[in-house]
Protein chains: 2
Amino acid sequence: MAGIPPTTAERRDYDDHMHATVIYGPHDVRVEDVPDPVLVHPADAVVRVTHACICGSDLWAYQGVAAREPGQRIGHEFLGVVESTGADVTGVKPGDTVVAPFVWSDGVCEFCREGLHTSCPVGGFWGQPGSDGGQGEAVRVPYADGTLVKLPSGLGDAELVKILALSDVMSTGHHAALAAGVRRGGTVAVVGDGAVGLCGVLAAHRLGAERIIALGRHDARTALARRFGATDVVPERGDEAIAVVRELTGGQGAHAVIEAVGTEQSMRTAIGVARDGGAVGFVGVPHGGSAGVDIGDMFGRNVALRGGVAPARAYIPELLADVLAGTLDPSPVFDATVGLDGVPGGYAAMNDRKALKVLVRPHGGAV
Amino acid sequence: MAGIPPTTAERRDYDDHMHATVIYGPHDVRVEDVPDPVLVHPADAVVRVTHACICGSDLWAYQGVAAREPGQRIGHEFLGVVESTGADVTGVKPGDTVVAPFVWSDGVCEFCREGLHTSCPVGGFWGQPGSDGGQGEAVRVPYADGTLVKLPSGLGDAELVKILALSDVMSTGHHAALAAGVRRGGTVAVVGDGAVGLCGVLAAHRLGAERIIALGRHDARTALARRFGATDVVPERGDEAIAVVRELTGGQGAHAVIEAVGTEQSMRTAIGVARDGGAVGFVGVPHGGSAGVDIGDMFGRNVALRGGVAPARAYIPELLADVLAGTLDPSPVFDATVGLDGVPGGYAAMNDRKALKVLVRPHGGAV
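No experiment lies behind these values; they were computed from the predicted model shown.

With respect to the nonpolar core
Alright, step 1. In this structure, V257(A), V280(A), L305(A), V257(B), V280(B), M298(B) and L305(B) are the most contacted members of the largest nonpolar core, which totals 56 residues.
Alright, step 2. Sorting elements by how many residues they give to this core places helix α9 (residues 264-273) of chain A first, with 4 residues.
Alright, step 3. Residues within four places of L305(A) in sequence aside, it is in contact with M267(A), V280(A), F282(A), V293(A), M298(A), I295(B), M298(B), A304(B) and L305(B).

Digging into the sheet that holds strand β2 (residues 28-35) of chain B
Residue and element names in this part refer to chain B.
Alright, step 1. The sheet built from 3 strands is open, its strands ordered β2-β1-β4 with antiparallel pairing. Looking at which strands have only one partner, the edges of the open sheet turn out to be β2 and β4 (72-73).
Alright, step 2. Taken together, the 8 bridges between strand β1 (residues 17-25) and β2 define a ladder with antiparallel strand orientation. Across the sheet, the residue bridging to V22 is R30, located in β2.
Alright, step 3. Here helix α12 (residues 343-351) sits on the sheet and contacts β1 and β2; the angle it forms with β2, its principal contact strand, is near 155°.

Examining the environment of D329(B)
All names here are of chain B.
Alright, step 1. By the secondary structure assignment, D329 is in the loop between α11 (312-325) and β17 (336-339).
Alright, step 2. In this structure, the C-alpha to C-alpha distance between D329 and E318, residues 11 residues apart in sequence, is 13 Å.
Alright, step 3. Beyond its immediate sequence surroundings of up to four residues, D329 is in contact with K162, L202 and F228.
Alright, step 4. Reaching out from D329, the side chain makes a polar contact with the side chain of S331 at a distance of 2.5 Å.

Considering the sheet that holds strand β2 (residues 28-35) of chain A
All names here are of chain A.
Alright, step 1. Spatially, 3 strands are ordered β2-β1-β4 in an open sheet, and the strand pairing comes out antiparallel. Looking at strand neighbours, the two that pair on one side only are β2 and β4 (72-73), the edges of this open sheet.
Alright, step 2. Against the sheet, helix α12 (residues 343-351) makes contact with β1 (17-25) and β2, and its axis sits at roughly 155° relative to β2, the strand it touches most.

Examining the packing of aromatic side chains
What characterises a pair of aromatic rings is the spacing of the ring centres plus the angle enclosed by the ring planes.
Alright, step 1. What the rule picks out here adds up to 10 aromatic pairs over all chains.
Alright, step 2. A centroid spacing of 6.0 Å and a plane angle of 55° characterise the contact between F282(A) and F299(B), whose relative ring orientation is tilted. In this pair, F282(A) is assigned in strand β15 (residues 274-282) and F299(B) in helix α10 (residues 295-301), connecting two distinct chains.
Alright, step 3. When its relative accessible area of 0% is taken as the criterion, F282(A) is described as buried.
Alright, step 4. F299(B) gets classed as buried once you look at its relative accessible area, which sits at 10%.
Alright, step 5. Residues Y62(B) and Y347(B) carry aromatic rings whose centres are separated by 5.3 Å and whose planes lie at 35° to one another, so their mutual orientation is tilted. You can see Y62(B) sitting in helix α1 (residues 56-62) and its partner Y347(B) sitting in helix α12, a full 285 residues away along the chain.
Alright, step 6. Connected via pairs of aromatic rings, a cluster forms that spans F78(A), W104(A) and W126(A).
Alright, step 7. Sitting over the ring of Y24(B), R30(B) keeps its end group 3.8 Å from the ring centre.

Calculation rules
Residues numbered from 1 in each chain as written. Chains lettered and ligands numbered in written order. Predicted model: local features only at pLDDT ≥ 70, side-chain atom pairs only at ≥ 80, totals over all residues. Heavy atoms only, no water. Core = buried A, V, L, I, M, F, W, Y, C linked by side-chain atoms within 4.5 Å. Buried < 20%, exposed > 50% of the residue type's maximum accessible area, 1.4 Å probe, protein only. Helix = DSSP H or I, 4+ residues; strand = E, 2+ residues; numbered from the N terminus. Contact = heavy atoms within 4.5 Å. Pairing = 2+ DSSP bridges. Axes fitted to C-alpha atoms, helices over the stretch in contact; angles between N-to-C directions. Polar contact = N/O pair within 3.5 Å; in protein donor to acceptor, adjacent residues only side chain to side chain. Phe/Tyr/Trp six-rings, centres within 6.5 Å; stacked < 30°, edge-to-face > 60°. Lys NZ or Arg CZ within 6 Å of the ring centre and 35° of its normal.

Take it as geometry only, folks, not as evidence of what the structure does.
Here it is, written out as structure tokens:
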């Protein structure tokens, strides 16, 4: 496709190629030379990626559980600087620092106006065939005005790393907390001690939950859960975990449960620890099918199941305000940093649970 | 067990036996001589049943899909006159006309105070082993103060028949509508043209839904759906029904979906016709397991699943006010009437879909 000439040219100092992460199959993630992104539509922008990261959901593709076409780009969380904009773009300009949610969307359709940007009819996921992924030097952003959130100028690196987490993991934790109906003074259980679960703890704490029970057994992760606001840690799993959570809650279970894994067992546990009349907010990409959804138990106890792919674009402004105010900091979920060449190793580290969540700096720079 | 002497004696004019409906197995429902109910606990009342009915959920037992011990009583919807009360009962007295929800509850526990009477720790279902069923001459009512709703004196039979529907079917339709998030001006789809589905239509209309799409293909039932407020009737099923509902809603589906069947296919259809970000309110006793719960579809489109056994006790006062004000009349769901001896035939008629819902007059009386 021929590129539309940018309204402003502030090109990176390369030839027509850049480096980006490409997935070929299970355990086969490579960093390769790919064409530089160019403006294709007048609503596009090209963003130079300064901060990206690897998501737990990328591991489903890495493990081969979620199918990918060989050669697809990968990575859906990024923050960077606008390099060029199409003729229709008015909300951002070259030089602006921006954060992208993990789904692009036009910002003007009925769903976007309602705050469900993930259902925008022209929306899409970074890395889907024909699009760039976040784990690369630059990204062509469709519907730049609808998709990107402009950041204040002059932010330091530490602030940018916090804000990077809003692109997915923190927004997803927040979505789970809302879907689970977390309320001030309530009791929350969080199934899953990955980065999303930990951000669910942080989101529940932010929303005023009084008691937050984190289910997990990895010391570093449960320590972070406590730092994020967990009041109790339950290392048990399955039926034992259900029994312990019930014991901790006077036999009743938790008003709100965050399911942040996506397996049959995690869903079964989440429903099992919910209090009658409560809700499970599920954000773990469901790879367990519905076998863990005990509909008879849900029916008898009026337990609701709510959630899904988080409309991060809807949440970023509110969460960003808290980050800028200094009251919200999800950045401790990043416990390793790599350059672009280190991305395949980052996948392996996360897959082996040696890293919780890996920060990627495509253009280098120390933490 | 020895009975506690009633504080007031206004006994029925029989010996120590009465007639009640007993289930022995699939298609084996009998009306038999059983002991008269007597007060056992100080919080009990004995109610002489003037109006009862047969529920679609009774058919699950009748068909053998839901297990029952041979000899269990059956019937969980009734209205009648208080005959005697235990020493602790203060809210009703002999001679009062009362309606019972389909679950008894103490009215004072945490769940009852929250309006989730179906989760009362000492609650139970009429007909469970050791209890009376509604399809009989009289019922011992545990926790009479918490369970029974006293009606104004002097109501005519037509009003009482309307109020009988609040014991389950109308309250369940209302629960489904609330669980589905029906809102003024919204679009609702109702899966199931049984009495609960039809009451779901009526409940959605009462809550101000602008468009109500009833899925059903039986002329008499869809006619009643239209009378209750349905604006559209879709006779198709399964994927075809999903396609038609989407076509009727500009491709989007319904904001709120009422699932009033409980099979795998009905659940699949309900989720399929929901608009992104919408909710399915499910009240059909789930006999299809979770196979119809497409968790991947729910995830991608943020469709919620909420509902369960309806806390009718919480809803009766509000719905009763509307019946008494003349703005709510669910009684057209009753399309046949029998005396107690006609109950087995009533089951057969409903099972053969020759009757929608059968009214039972244990002590006779014409409609």
